[in-house]
Amino acid sequence: MSPNNQPEPNPSFARSMELFERARRVIPGGIYGHANPSLVGPGNSPYYATKASGCRYWDADGNEFIDYMCGYGPIVLGYQNREVEEAAEKQRHDGDCLNHPGPVMVDLAERLVSLVDFADWCVFGKNGSDMTTWALQVARQHTQRKKILMAEGAYHGIDPWCVPGHGGIIEEDRAHIHTFKWNDPQSLLDLAQIHADDIAAIITTPYHHPAFADSELPNNDFLAAIKDVRERHGCLWILDDIRAGFRLHLGGSHCYFGFTPDLACYSKAIANGYPLAACVGSENLKISSTKVFLTGSFWNGTVAMAAALKTIEILERDDGISRMEEMGTRLRNGLSQSAERHGLSITCSGPPAIPFLTFSNESNFFRSQHFSTECIKRGAFIHPHHNWFLSTAHTEADIDQTIAIADTAFESVKTRFED
Amino acid sequence: MRADRLAVGPYLSPYLLDALSDSVSLEFQPSSKRVASGAFIVSVFWKRAFMKPDTDPFESMLARLHLRAVLPTLVELTKIDATAKELVGTLSFSLRFKSKSGIATTLQFDKGALSIDPDSLIAPPLQFFFPSDKQINNLFLKRGFPIILPNWRIWKLIKMPRFQKLSARLERILKAAPDELRANPELLETHIHLLLTSLIPRAFIELARNERYSKETLSGNAGLIQLQVVDTPIQSWLDCQSTDFAYGSGQAPRSPDLFISFQDLETALLSTRNELDALAAVSGGEIKLEGNIPLADAANAVLDRISVYLTL
Ligand SMILES: Cc1ncc(COP(=O)(O)O)c(C=O)c1O
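What you see is a predicted model; the values in this text were computed from it and never measured.

Peer 1: How would you explain the site of the ligand if you had to name every residue and give the values?
Peer 2: Residue and element names in this part refer to chain A. The ligand sits among Asn127, Gly128, Ser129, Tyr155, His156, Gly157, Thr205, His209, Asp240, Ile242, Arg243 and Lys268. In this structure, an oxygen atom belonging to the ligand sits 2.7 Å away from a main-chain N or O atom of Gly128. For the ligand, an oxygen atom lies 2.7 Å from a polar atom in the side chain of Ser129. With the chains in place, 86% of the 390 Å² that the ligand exposes on its own is no longer accessible. Its residues assigned to classes, the shell around the ligand shows 2 nonpolar, 7 polar and 3 charged.

Peer 1: Give a detailed account of the side chain of Gln235(B), specifying residues and quantitative values.
Peer 2: Residues and elements named next belong to chain B. Of note, Gln235 is situated in strand β7 (residues 235–240). At a separation of 3.4 Å, a polar atom in the side chain of Gln235 contacts the side chain of Gln228. Other than its neighbours up to four places away in sequence, Gln235 contacts Thr197, Gln226, Leu227, Gln228, Ser249, Gly250 and Gln251.

Peer 1: Break down the domain arrangement of chain B for me, with residues and values.
Peer 2: All names here are of chain B. Considered domain by domain, chain B is made up of domain 1 (14–170) and domain 2 (178–309). Every contact between the two is made by 14 residues of domain 1 and, on the other side, 15 residues of domain 2. In this assembly, domain 1 packs against domain 2 so that about 1,400 Å² is buried in total across both faces, 70% of it on carbon and sulfur atoms. If you look at where domain 1 meets domain 2, you find 2 salt bridges. The closest approach of N and O atoms between Glu206 and Arg68, which form a salt bridge, is 4.0 Å. In this assembly, domain 1 and domain 2 are joined by 2 residue pairs in polar contact (both at pLDDT 80 or more). Elements with a contribution of two residues or more to the side of domain 1 that touches domain 2: α3 (57–70) and α4 (73–80). If one sorts the elements of the side of domain 1 that touches domain 2 by residue count, α3 sits on top with 8 residues. When grouped by side-chain class, the residues that make up the side of domain 1 that touches domain 2 number 10 nonpolar, 1 polar and 3 charged.

Peer 1: Can you tell me about the sheet that holds strand β13 (residues 380–381) of chain A, naming the residues and giving the values?
Peer 2: Hydrogen bonds along the backbone pair up the strands of a sheet, which may run parallel or antiparallel. Residues and elements named next belong to chain A. Spatially, β1-β2-β3-β13 is the arrangement adopted by the 4 strands of the open sheet, whose pairing is mixed. Of all the strands in the sheet, just β1 (49–53) and β13 have a single pairing partner and so form its edges. Note: strand β3 (residues 64–67) against β13, 2 bridges, orientation parallel. The partner of Ile66 across the bridge, within β13, is Ala380. Here helix α12 (residues 396–418) sits on the sheet in contact with β2 (56–59), β3 and β13, set at roughly 105 degrees to β3.

About the thresholds
Residues numbered from 1 in each chain as written. Chains lettered and ligands numbered in written order. Predicted model: local features only at pLDDT ≥ 70, side-chain atom pairs only at ≥ 80, totals over all residues. Heavy atoms only, no water. Near = heavy atom within 4 Å. Polar contact = N/O pair within 3.5 Å; in protein donor to acceptor, adjacent residues only side chain to side chain. Areas by Shrake-Rupley, 256 points an atom, 1.4 Å probe, with all protein chains shown as cover. Nonpolar A, V, L, I, M, F, W, Y, C, P; charged D, E, K, R; others polar. Helix = DSSP H or I, 4+ residues; strand = E, 2+ residues; numbered from the N terminus. Contact = heavy atoms within 4.5 Å. Domains from an automatic or database assignment. Buried area = accessible area lost by both parts, 1.4 Å probe. Salt bridge = Lys/Arg side-chain N within 4 Å of Asp/Glu carboxyl O. Pairing = 2+ DSSP bridges. Axes fitted to C-alpha atoms, helices over the stretch in contact; angles between N-to-C directions.

If you want it as structure tokens, here you go:
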């Protein structure tokens, strides 16, 4: 029995496991990267998804989940948004991978340049990493310098200069990458002092959202220190807005926090699940940007660009950003109240549309893992170690149902760890 | 990665005694003439060794692992293996291996109970001094001709045959081929026991303390790890704190931050041999991982480093 005397839900993940057993024979790791089940709950969580709609998805065993990962960010309007799918379908009908870019590329570039206040130009890729690595090169080209300063624990993608894994990295890959502590102006200023006139760029996310830790919004002193270093040392500020972009502010997350970078990278939510990434920059970097080679076999694909245009249109038309903020706030308040009722001390961090929950003063994550497993068991897919995402498809009813699920999960945490 | 220099077998063997006897005969024949000639040869070795200063960090790390992870596994062996216990009997003697670089380990048999003191300051009556870290590795790897300079109380060597047999026993268990291990469950359990409760945690600590990559990888990842093989008595723990590391066999002294359990001996065997898709094994349930995952990730990266030096 569950703590509140409801029958203990016991979803089967047999089909997921069956698929996994086949997968591991032919795919190293079975499922690799961020979707690797070892991070969520091996054996107690869905491994394979079969369909999704709105804010819900179904796994290979037919279990239904209210989703708080949104494909790890891209799904901003809900899965299978009808209008986006229609726009994509229409474009697909005319052709996706062509010899030349489609007119849609020009339309989208113009749209992004008009949306993002400091942007005068825009380029496209497929993944976030395509853009962060390219932006670094543009900064190096423009400044003719080597050094890149980044925050400790920040994720900027899977290229050797920043990938968090250990394998296949040589010292030289990181020889010119140096880290400072987030929200610690002195740590940044000291680092900048050391590398002074050799700094090409500071790369930051709009706020700090490391895995396995609370999210941290930037404090004013820290933002001031970044501006100071940029001015004093003549380096660029690259904003990696891949995770937060199009969830906090339609003009880019820098508007939400009130600063202006030199380059900004977007991906994830830009096309509601269609593969697309973009980098925008200011006029003074345009010539340098043309000197850094940029291409990919699929990077001119028209379908994702059509989907992006429609996604942005809907977000703007329906004020999707406010909607996510509202639902995120409702979720956060509900979770906080429920945890408090159970006498559990939790930390809800991050902006409401990209929330995260940790158990206060817990460095070994046992409670987080148990909480997540209990929520998943009851039909709310949340991650124990990675921030969550809201979409405009989450309704009040979905949020309330999630809070009810979390309430039972909190009670279970309380029983297991604190009683 | 120094794949071309992977150790082929990090274990002591009868070769130790052969090598030692060669050195001994150089220095300790009663005739003064032979002593003189022995001293001459020793001094030639000495010069040769010192003309090429031992600055290779790979050799130094490897020597550390040999002296502070492989050799001390004799302690665990004498606790769990009947043959080893019998061999030791009531032996009392101590023996120190020391390199010019300072890397040392002292084995102390006290009425059959073996203990290890890597940092002992008192030189025991029997000490083998190696003019370089590489020479230690030569001995363990049966590579080239090891230069060993025993101290003058070499008559203690009389106890060596038993020590030699003990080393051979260790080598036999650690180096047993997988097929042989699979055919002999008892041997397999002893093999895994020695690796998981001694050699691997000891090697981990040496790397964590002395290798830059491992230090950096572990920095900011503190916690207590409990390791176990389900349905066996094999259990050990590793305490990684920002200032230092400790390990022990059995249950962790306090509530662990990370549990790593191997479903069975076969999974542990594959894992220690680096033949397991660990990512898939965790998702598939053969390895259970609970708790501080970043610590598991960092620790795993350090454990992976063991195979850069030693072939398990
Ligand atoms: C902040 C940030 N930067 C870069 C990336 C890399 O994006 P991608 O996975 O599309 O390469 C991500 C992905 O999660 C991200 O969150």
